[in-house]
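In case you want the letters, here they are:
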Amino acid sequence: MFIPCDRGGGSAAPDFKGFTLLMPAVSVGNVGQLAIDLVISTLDMTKVGYFYTDCLVPMVGNNPYATAEENSTELSINAEVYSLPSKKLVVLQIRSPFIKNKYRPFCETLLSWVKSSKCGRVVLLSSSHAYQRDDEQLLGTPLRYLLTPDLEKAVGGRMKELNWKEMERVAAYPGISDTDKVLHIPGGGITKLLFNESCSEGIQMAVLLKFCSEGDNIPDAFVLVNYLNEWLQLIKSESNNSTDPSSQWKIPSSWRLLFGNGLPPALF
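What you see is a predicted model; the values in this text were computed from it and never measured.

A word on a nonpolar patch on the surface
Together, Met1, Tyr50 and Tyr52 line one region of the surface with nonpolar side chains, adding up to about 340 Å² of accessible area. In this fold, Met1 is placed in the segment before strand E1 (2-4).

Overview of the pairing of strand E8 (residues 121-129)
Burial within E8 is extensive, with eight of its nine residues counted as buried. The pairing of strand E2 (residues 20-24) with E8 spans five bridges and is classified as parallel. Residue pairing across strands places Thr20 opposite Arg121, the latter belonging to E8. The pairing of E8 with strand E12 (residues 205-212) spans eight bridges and is parallel. Its bridge partner lying in E12, Leu125 is registered against Leu208.

Examining the packing of helix H2 (residues 103-117) against helix H4 (residues 191-201)
Interaxial distance between H2 and H4 falls to 10 Å at its minimum, and their mutual angle equals 45°. By the angle between their axes, H2 is oblique relative to H4. When the axes of H2 and H4 are compared, the crossing they make is right-handed. Contacts between H2 and H4 involve Tyr103, Arg104, Cys107, Leu110, Leu111 and Lys115 from the first element and Leu193, Leu194, Glu197, Ser198 and Glu201 from the second. Grouping the constituent residues of the contact of H2 with H4 by class yields six nonpolar, one polar and four charged.

Regarding the environment of Leu147
Of note, Leu147 is situated in strand E9 (residues 143-147). Along the primary structure Leu147 and Cys199 are separated by 52 residues, whereas in three dimensions their C-alpha atoms are 8.8 Å apart. Once residues within four sequence positions are removed from consideration, Leu147 is found in contact with Glu152, Val155, Gly156, Met159, Phe195, Met205 and Ala206.

Some remarks on the packing of aromatic side chains
Across all of its chains, the model carries twelve aromatic pairs by this definition. Both rings, one in Tyr65 and one in Tyr82, keep their centres 5.7 Å apart while their planes meet at 85°; by these two values the pair is edge-to-face. Taken together, the residues span a long stretch of sequence, with Tyr65 in the loop between strand E4 (60-62) and strand E5 (75-77) and Tyr82 in strand E6 (residues 79-84) at a distance of 17 residues. Given a relative accessible area of 4%, Tyr82 falls into the buried group. Ring geometry for Trp164 against Tyr227: centres 3.9 Å apart, planes inclined by 25°, an arrangement best described as stacked. Taken together, the positions of Trp164 in the loop between helix H3 (149-161) and strand E10 (170-173) and Tyr227 in helix H5 (residues 218-232) put the pair 63 residues apart, joining distant regions of the chain. Residues Trp164 and Tyr227 agree in their burial class; the two are buried. Connected via pairs of aromatic rings, a cluster forms that spans Phe2, Phe16, Phe19, Phe51, Phe98, Tyr103, Phe106 and Trp113.

Quick word on the environment of His129
Position of His129 relative to the elements: it lies in strand E8. The sequence separation of His129 and Phe211 amounts to 82 residues, and the corresponding C-alpha distance is 5.7 Å. If we skip the residues at most four places from it in the chain, His129 touches Val28, Pro186, Gly187, Phe211 and Cys212.

Some details on helix H1 (residues 31-43)
Counted at 1.5 Å a residue, the expected span for H1 with its 13 residues is 18 Å, and the 19 Å between its end C-alpha atoms agrees. Among all positions in H1, only Val31, Gly32, Gln33, Leu34, Ala35, Ile36, Asp37, Leu38, Val39, Ile40, Ser41 and Leu43 are buried. Of the surrounding secondary structure, the elements contacted by the buried residues of H1 are E2, E6, strand E7 (89-94), E8, E12 and H5. One or two residues past the end of H1 sits Asp44, with phi positive at roughly 50°.

Reading guide: rules and limits
Along each chain, residues carry numbers from 1 onward, in the same order as the chain's sequence is written. Two thresholds apply to this predicted model, a pLDDT of at least 70 for residue-level local features and 80 or more for giving and counting side-chain atom pairs, whereas whole-chain, interface and lining totals are computed over all residues. Values reported for side chains reflect all heavy atoms of the structure, with hydrogen atoms and water molecules removed beforehand. Like charges are joined within 9 Å and nonpolar side chains (Val, Leu, Ile, Met, Phe, Trp, Tyr) within 5 Å, but only among residues with over 30% relative accessible area and no salt bridge; these make up the patches. Computed with a 1.4 Å probe, the accessible areas rest on the Shrake-Rupley method; for each residue, only the protein chains presented here act as cover. Take a side-chain nitrogen of Lys or Arg and a carboxyl oxygen of Asp or Glu: if they are within 4 Å of each other, that pair is a salt bridge. Here a helix means four or more residues in a row that DSSP labels H or I, a strand means two or more in a row labelled E, and each is numbered from the N terminus. Each residue is placed in one exposure class: buried if its accessible area under a 1.4 Å probe, protein chains only, is under 20% of its type's maximum, exposed if it is over 50%, and partly exposed if it falls in between. Criterion used throughout: strands pair if DSSP finds at least two bridges between them. Every angle, taken between N-to-C directions, lies between 0 and 180 degrees, and every axis is a line fitted to C-alpha atoms, over only the stretch in contact when it is a helix. Any angle from 65 to 115 degrees is called roughly perpendicular, while one under 35 is roughly parallel, one over 145 is roughly antiparallel, and all others are oblique. Crossings are classed by handedness, with left-handed meaning an anticlockwise turn of the near helix from the far one by less than a right angle and right-handed meaning a clockwise turn. Should any heavy atoms of two residues lie within 4.5 Å, those residues are counted as being in contact. Three categories are distinguished: nonpolar for Ala, Val, Leu, Ile, Met, Phe, Trp, Tyr, Cys and Pro, charged for Asp, Glu, Lys and Arg, and polar for the others, with Gly belonging to the last. In this analysis, rings of Phe, Tyr and Trp, with Trp reduced to its six-membered ring, are considered paired at centre separations within 6.5 Å, and the interplanar angle assigns stacked below 30 degrees, edge-to-face beyond 60, and tilted for intermediate values. Here the expected span of a helix is defined as 1.5 Å times the quantity of residues minus one.

What is shown is where atoms sit, not what they do.
In structure tokens:
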């Protein structure tokens, strides 16, 4: 459940009515989580609380978005909530993997919070194994989207204007029967379950995902967050022809430690 930050003075819990909830799936390459980092850092979002759950591996660390020595020692935990009222945007960042068999309880708790807080829609950033694509998915862009029926009515036309490609359904029994098509997102973590539950609950949800492989997934995160920005226009797109994606987004200070320290010169 959502626990607001104690700012002192008994301030009321933040109001998320009509807000867009942006969150990652813990999926292959951690692409969604890296993309969320870029959004929080670039928009300088304020931490307003955390999501208390026993479904995630416990963790604690320093402030991943520290900009000075004064705020570098602030603590962060496995699931925190950030807000930007001017854009009616609330972000849930997840920083640790799920505990075994805890996908469904987490989805139920999350969707219950979405309903009680009256968020307007949910946008889930995810990824899927590139090596498990079928022939059709190998063609064209590695980016895909999914919309629940309730959100399809509202923004389906916009997706067509953007010329986006919907996630294909694949044969449930390849080589035996091609008539039964199912949604298949290998490496997507909670993506499929959360999407299906949102469809059942009548919640407006969009899934944006990228096919990728494990490794240095920073470039994938830039591609995914730019994909998101095409739709939501969180920041103004560069008018020039710059090919450097980092020119638009502010890289958080914690990314300096993403791959540990460099090799010591004494080795050579």
